[in-house]
Amino acid sequence: MSLRVVVTGASGFCGSAVARAAAAVGAEVICLGRRPGPVGEHRYWDATRGAPDLTGADVVLHLAAAVGDPPPGRDAGFHAVNVEGTARLLTAVGGRPLVWVSSASVYTPSREPIREDQPLGGLTAYGKTKAAGERLALAAGAVVLRPRAVYGDGDPHLLPRLRRAIRGGRVLLPGPDIPLSLTAVENLADACLSAVGWPSGASLSAVGQPVGASLSAVGWPAGAYNIADAAPYRRDAIVAAACGVPVRHVPIALARAVAGVGTAVSRFTGREPALSRYGLEQVTVPVVLDIGRARAQGWSPRRTFEDYLAGRSVLPA
């Protein structure tokens, strides 16, 4: 009998990748969310209300989240999903293994490679509510994964913003150049499966077909784990390679002012601005993650940003 894996937020960018990876290694996938996922059974769940239906589930992979930067005064929606939704899920999980996907946005800035014992805080509503939600998950004995700037095919956040930054045949970025950890969505999916006991790399070697990999009796010990590509990147180099045009720097103070205006306007439009506080954080705060703790569990990142760019010269529109 196949293992029954619940993936919350399976219609989203990361959730859909995890759902497909679980199906590829032979799991029976149940997608929880407001919209159907890419595979398996769909069960409706609005994370802002009600308890999820986990009937028959063996393992829960939680990726449902409010992501981005809300307009001023609308942080409550992020809290409802990332904190209150977590509490509802934890009530329903019972004794099932739970992998709760968080974010490196929970960390306070650091010049050194960040380890899991770095103090939490978050610079945005997203980071702060993810930190609050993961505290609940950790207290309940979950495995918490902290990826940073997840990218890949279908990415609706990080990489599309880079294309919008092209002006006059160049990309304008708040300077200076900085080192950044990024996370290929395939590496995150692999970590989710590895955390509940599949061998590292099972999701990547499957290529759409079951590989016969079975769930081991023991997954990763409860706690937090950084997840990122094997080595950090230089921001300017990867942006130039992705967009196919050179990078030019603008003062950070100017970028913050633009983000502030955009955020103020979004109060009335209800739309996330082209340059938000969340977006600014992603490209101006040097975040390099120490992934040694996850590596010690047998997980190894196999994909790189160069893999993603192979065969294409610019970002898709």
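Overview of the structure.

Reading the values: rules and limits
Residues numbered from 1 in each chain as written. Predicted model: local features only at pLDDT ≥ 70, side-chain atom pairs only at ≥ 80, totals over all residues. Heavy atoms only, no water. Helix = DSSP H or I, 4+ residues; strand = E, 2+ residues; numbered from the N terminus. Buried < 20%, exposed > 50% of the residue type's maximum accessible area, 1.4 Å probe, protein only. Contact = heavy atoms within 4.5 Å. Areas by Shrake-Rupley, 256 points an atom, 1.4 Å probe, with all protein chains shown as cover. 1 Å grid on protein atoms, 1.4 Å probe; cavity = no way out; pocket = protein on both sides within 12 Å on 5 of 7 lines; lining within 4 Å. Points joined across faces, edges and corners; volume = space filled by probe spheres on them. Nonpolar A, V, L, I, M, F, W, Y, C, P; charged D, E, K, R; others polar. Core = buried A, V, L, I, M, F, W, Y, C linked by side-chain atoms within 4.5 Å. Pairing = 2+ DSSP bridges. Axes fitted to C-alpha atoms, helices over the stretch in contact; angles between N-to-C directions.

## Some remarks on the overall build of the protein chain
Tallying secondary structure elements over the protein chain gives eleven helices and 14 strands in all. With 317 residues in all, the protein chain has 52% of them scored as buried. Excluding contacts between residues fewer than 6 apart, the proportion of contacts in the protein chain whose partners are at least 24 apart in sequence is 74%. When the accessible surface of the protein chain is summed, it comes to about 13,400 Å², and 55% of that surface belongs to carbon and sulfur atoms.

## Structural notes on the layout of surface pockets
Of the voids in this model, the largest pocket is the one considered here, and its volume is about 920 Å³. As for the largest pocket, its lining consists of 42 residues, of which Leu 63, Ala 64, Ala 65, Ala 66 and Val 67 are closest to the centre. Sorting the residues of the lining of the largest pocket by element identifies helix H1 (13-24), strand E2 (28-33), helix H2 (76-93), helix H3 (125-139), helix H4 (158-164) and helix H9 (277-284) as the ones contributing at least two each. Considered class by class, the residues forming the lining of the largest pocket number 22 nonpolar, twelve polar and eight charged.

## Some remarks on the environment of Ala 230
For Ala 230, the position within the fold is in the loop between strand E12 (223-227) and strand E13 (233-234). A sequence separation of 48 residues divides Ala 230 from Leu 182, and the C-alpha atoms of the two residues are 9.1 Å apart. Setting aside residues up to four positions removed in sequence, Ala 230 forms contacts with Ile 291, Arg 295 and Pro 301.

## Brief notes about unusual backbone geometry
Backbone torsion omega between Gly 175 and Pro 176 reads 0 degrees, so that peptide bond is classified as cis. Counting through the fold element by element, Pro 176 comes out in the loop between strand E9 (170-174) and strand E10 (179-180). A positive phi is found at Ala 149, a non-glycine position, where the angle reads about 50 degrees. Secondary-structure assignment places Ala 149 in the loop between strand E6 (143-147) and strand E7 (150-151). Ala 149 gets classed as buried once you look at its relative accessible area, which sits at 11%.

## Some details on the nonpolar core
Formed by 45 residues in total, the largest nonpolar core has its most connected members in Val 7, Leu 61, Leu 145, Trp 220, Ile 227 and Leu 289. The set of elements that each furnish at least two residues to this core consists of strand E1 (4-8), H1, E2, strand E4 (59-62), strand E5 (98-101), E6, helix H5 (185-195) and E12. Among the elements that make up this core, the one with the highest residue count is H5 (seven residues). Ignoring any residue separated from it by four or fewer positions in sequence, one finds Trp 220 in contact with Val 143, Leu 145, Ala 191, Ser 194, Ala 195, Tyr 225, Ile 227, Ala 294, Gln 297 and Trp 299.

## A few points about the sheet that holds strand E14 (residues 247-250)
The sheet built from three strands is open, its strands ordered E8-E9-E14 with mixed pairing. Two strands in the sheet have a free side with no partner beyond their single neighbour: strand E8 (166-167) and E14. Taken together, the four bridges between E9 and E14 define a ladder with parallel strand orientation. Paired with Pro 174 across the bridge in E14 is Val 250. Each of E8, E9 and E14 is contacted by helix H7 (residues 235-243), which is oriented at about 150 degrees to E9, the strand it contacts most.

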